[in-house]
Amino acid sequence: MRIVAILALAAVDNPGVKIKPPELLLPAGSLAKMRAAYDFGADAVYAGQPRYSLRARNNEFRLEQIGQGIAEAHARGRKFFVTSNLLPHNDKVRTYLRDIEPVIALRPDALIMADPGLIMMVRERMEKDWPEVPIHLSVQANTVNWAAVKFWQKMGVARIILSRELSLDEVEAIRNECPDIELEVFVHGALCIAYSGRCLLSGYFNRRDPNQGTCTNACRWDYKTHGGTDETDSGEVQPTPPVQLGSDFNFAQAQAEAEGAFAACGGSPRHPLADRVWLLEEKERPGELMPVMEDEHGTYIMNSKDLRAVEHVERLVKIGVDSLKIEGRTKSQYYVTRTAQIYRRAIDDAVAGRPFDPSLLLELEGLSNRGYTAGFLERRPSQDYQNYLSGSSQAHRSQFVGEVKSVREDGWAEVETKNRFAVGDTLEVIHPGGNRRVTLDKMSSLDGEAIQVASGSPLRVWVPLGAPVEGALLARLL
């Protein structure tokens, strides 16, 4: 490991030095998504143990599926990591060793963990009577400096998943100080509005604690803000007329004014924004106003843009990062397929010394997203990370419309539709063997009747696609 890190660092100044390509790590919310990730270039996947990971919802992986996933991964020469990274209350500590023992017996390639108490308990059992399984420290542990990396290394942790709050320069500094431990960095996916996932919104609004795996993505909901008067004698806040986010009230301008007023870090008079009372009204709860605090830096109960760092893969490869990770265990199979394919190309180009291909940026626009940001990898004004105008995903270039289920000898494919498409549309066939575009000139129902429109899920139709397309996905170009 030390040799790999030193060679990677040397490559920054000497492009001729051969370096080991980083692992491409994809999310797996189901066995089908796991297989798609491997088909399109992933070296490893991570799947959550439902009761003890941060994805208790929309998670197919019970013990049987974990075992099947590990077996399939190893048969393909790939890796399968089990995420067990919640921050447990006492009741889950009590049952943890009992429930993790059969998982460890299946020999996953690593456990992704966050809680120091659970890590201690697992390490102690491994030293006595359990098989040795590497432990990767979750991003939930918020590791932001080299000293913390060294501490966890002494505790027997094999890999550190670095906090999303680090810049590229900080990642490089950690690698320089810690050359003999594996480092992992997130490069794509949703960003939390809290510190590397330690969010309270869902628990506050819905009594579903994100740190126990039941996040409802409250930061993505559609809100209006209401100005409020000071509290009355009874302790209540009286609302003033609503302000629609991104329209009547300019948060970027307000934040700039607040930052200017506080440039001296407290030496200036308090800005009026810091003392205002704010109330939030969620779209599905009209009339239910929730107070929210705002300080001199603004209010951050907002929708974050999505992380996209494909343009920084080359730098991360040269730094010597061991694993590039994509977020999204609750995302679609189309998302898994496209991100695996695009980041695989970016890694291969970087390792081969080829320049970055800007078309990869355009291809990622084909995925539904809330606007992209490089997050903290690049230091930018904080408003760059937030999306004040829309909480919903937008597909800017293409839309996932179907999945090929079977293919006849005459080249017609049976397609399970996901969204509407029609004769005359240009479709992109997404396949591990390479992508291509076709213009749809005809289509039929399963009974052979000619049709013009596939209205969307659930529906199956026959489409002429020609070349072998088993397992392909279809996207309609917008």
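This report concerns the structure included in the present document.

Rules behind the numbers
Residues numbered from 1 in each chain as written. Predicted model: local features only at pLDDT ≥ 70, side-chain atom pairs only at ≥ 80, totals over all residues. Heavy atoms only, no water. Helix = DSSP H or I, 4+ residues; strand = E, 2+ residues; numbered from the N terminus. Buried < 20%, exposed > 50% of the residue type's maximum accessible area, 1.4 Å probe, protein only. Arc of directions from axis to C-beta. Pairing = 2+ DSSP bridges. Contact = heavy atoms within 4.5 Å. Axes fitted to C-alpha atoms, helices over the stretch in contact; angles between N-to-C directions. Salt bridge = Lys/Arg side-chain N within 4 Å of Asp/Glu carboxyl O. Parallel < 35°, antiparallel > 145°, perpendicular 65-115°, else oblique. Left-handed = near helix turned anticlockwise from the far one by under 90°. Expected span 1.5 Å × (residues − 1).

Structural notes on unusual backbone geometry
Okay, step 1: Backbone geometry at Arg107 places phi at a positive 60°, although glycine is not the residue there.
Okay, step 2: For Arg107, the location among the structural elements is in the loop between helix H4 (90–105) and strand E4 (110–113).
Okay, step 3: Positive phi, normally seen in glycine, also occurs at Asn142, with a value near 60°.
Okay, step 4: Here Asn142 shows up in the loop between strand E5 (135–137) and helix H6 (146–154).
Okay, step 5: A residue is classified by how much of its surface remains accessible, and Asn142, at 17% relative accessible area, is buried.

Topic: helix H7 (residues 168–177)
Okay, step 1: Here H7 has its buried residues at Leu168, Val171, Glu172, Ile174 and Arg175. Seen along its axis, H7 keeps its buried residues to an arc of 160°; they face one direction.

Observations regarding the sheet that holds strand E18 (residues 412–417)
Okay, step 1: Reading across the sheet, the seven strands line up as E21-E20-E25-E17-E18-E24-E22 and stay open at both edges, with antiparallel pairing between neighbours. Either end of the sheet is taken by a strand with one partner, and the two such strands are strand E21 (436–439) and strand E22 (444–445).
Okay, step 2: Bridge count for E18 against strand E24 (residues 460–464) is five bridges, and the pairing is antiparallel. Bridge pairing links Ala413 to Val463 in E24.
Okay, step 3: Where helix H12 (residues 333–352) meets the sheet, its contacts fall on strand E17 (398–407), strand E20 (426–430) and strand E25 (473–477), and the angle it forms with E20 comes to roughly 70°.

Focus: the pattern of salt bridges
Okay, step 1: The tally for this structure, following the rule as stated, stands at 30 salt bridges.
Okay, step 2: In this structure, Glu23 engages Arg159 in a salt bridge whose closest nitrogen and oxygen atoms are separated by 2.8 Å. Here Glu23, found in strand E1 (residues 23–27), pairs with Arg159, found in strand E6 (residues 159–161); they are 136 residues apart in sequence, far enough to count as distant.
Okay, step 3: With relative accessibility at 10%, the residue Glu23 sits in the buried group.
Okay, step 4: In this structure, Arg338 and Glu428 form a salt bridge, with 3.4 Å as the shortest nitrogen-oxygen distance. Here Glu428 lies in strand E20 and Arg338 lies in helix H12, a separation of 90 residues in the sequence. Of the two residues examined, Arg338 and Glu428, each falls in the buried class.
Okay, step 5: The structure contains a network of salt bridges with shared partners spanning Glu23, Arg159, Glu182, Glu184 and Lys325.

A few points about the packing of helix H2 (residues 31–39) against helix H3 (residues 63–75)
Okay, step 1: Direction vectors running N to C along H2 and H3 enclose 15°, while the axes themselves pass 11 Å from each other. Judged by the angle between their axes, H2 and H3 are roughly parallel. Of the two possible hands of crossing, H2 and H3 adopt the one that is right-handed. Contact residues: Leu31, Met34, Arg35 and Tyr38 in H2; Gln65, Gln68, Gly69, Glu72 and Ala73 in H3.

A short note on H3
Okay, step 1: Over its 13 residues, H3 extends 18 Å from the first C-alpha to the last, a length consistent with the 18 Å expected when each residue adds 1.5 Å.
Okay, step 2: Looking only at H3, the buried set comprises Gln65, Ile66, Gly67, Gly69, Ile70 and Ala73.
Okay, step 3: Against H2 and strand E3 (79–84) lie the buried residues of H3.
Okay, step 4: The positive-phi residue at the C-terminal boundary of H3 is Gly77, with phi of around 75°.

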